[in-house]
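# Geometric and topological summary
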Amino acid sequence: MLWGSFGAVHIASLVLGAAIIIGLYFLLRKCRPKTQTLILGILSFSGIAAVIFNLVSWDSPWEYLPLHLCSLNALVLPIAVFSKNKMLSNLLLLWSLGAVMALVVNSAQAGFEVFSSIFFFYFFPHLLEFGIPILLFVLGHVKKELKYIASTICITFIACVVIHFANVGLNDYFAAHNILNPAGNLVTVNYMYTLRPENPVLALFWSLIPYPFWYLMPVLAIIAVYLGLVYLPQIIALCWQKQYQKSRKAGNTP
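Residues numbered from 1 in each chain as written. Predicted model: local features only at pLDDT ≥ 70, side-chain atom pairs only at ≥ 80, totals over all residues. Heavy atoms only, no water.

Residue pairs three or four apart in sequence face the same way in an α-helix, which turns once every 3.6 residues. Taking 1.5 Å per residue as the helical rise, helix α3 (residues 46–57) with its twelve residues ought to reach 16 Å, and the 16 Å between its terminal C-alpha atoms agrees with that figure. Turning to α3, its buried residues are S46, G47, A50, V51 and F53. The arc enclosing the buried residues of α3, seen along the axis, measures out at 160°, which places them on a common side. Where α3 is buried, its residues meet α2 (33–44), α4 (69–83) and α6 (117–138). Positive phi shows up at D59, right after α3, with a value of about 55°. (Helix = DSSP H or I, 4+ residues; strand = E, 2+ residues; numbered from the N terminus. Expected span 1.5 Å × (residues − 1). Buried < 20%, exposed > 50% of the residue type's maximum accessible area, 1.4 Å probe, protein only. Arc of directions from axis to C-beta. Contact = heavy atoms within 4.5 Å.)

What follows is the structure, encoded as structure tokens:
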């Protein structure tokens, strides 16, 4: 049975994924905080397991280095769970969006067999990379704080820039040394998709700005809207607080 893209099996898998995350919440909400951390911490290593699986399973580790956004999420997630680091946890609220998008916009993975190890090590790590950061907040382990919006955007942009130059440097190295994959083709990498689009959404951005790296700049607008929605309660509370303080200074409030 193939996973497909926006067919019955794909949609059913997304519903199942949502049910798993909601089920985890109801399972954990009455547990002690230490128990919650232990369970979420164990589950958070699924992404690292997927990184290892990809490195050893395809006989072409250069093409499966942990340099995609979801792989970076996988590396950071256990640290965020066990340390309760506020900056990292707030950062993962954005990076979790990439994880769920990898499940929804799955055109490159539509041919996966749903009962295969390949599907298992793709679907469940991405699902948990999406769900665990959210659970950290709804279970009260960390709080959303507006001051971390700047660090979230800066870290994400810096990661994109660094990985873009890594793509360029690696591809130059592969070409210079004629590094081939098992299929006999020259190895080329496109981590974080900075060189070219590989799904319909990014292809739309490429049609607007047909240049490597720069075509991703419209994503900044999406990030701004997304973070605005995520932090909307905090933004509203801050606006009310400023308005209240302004009214007190004007003598309109006792």
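Volume-wise, the second largest pocket comes out at about 160 Å³. Every residue lining the second largest pocket is listed: L93, S96, L97, V100, F130, I134, F137, V138, K144, Y226 and V230. Looking at the lining of the second largest pocket, the elements that each hand over two or more residues are α5 (86–104), α6 and α9 (218–230). Class assignment of the residues belonging to the lining of the second largest pocket gives a composition of nine nonpolar, one polar and one charged. (1 Å grid on protein atoms, 1.4 Å probe; cavity = no way out; pocket = protein on both sides within 12 Å on 5 of 7 lines; lining within 4 Å. Points joined across faces, edges and corners; volume = space filled by probe spheres on them. Nonpolar A, V, L, I, M, F, W, Y, C, P; charged D, E, K, R; others polar.)

In this section: the environment of A221. By the element assignment, A221 lies in helix α9. Residue classification places A221 among the partly exposed residues on the basis of a relative accessible area of 48%. Here the alpha-carbon distance between A221 and T37, two residues 184 residues apart in the chain, equals 34 Å.

Treat this as a map of the structure, not an account of what it does.
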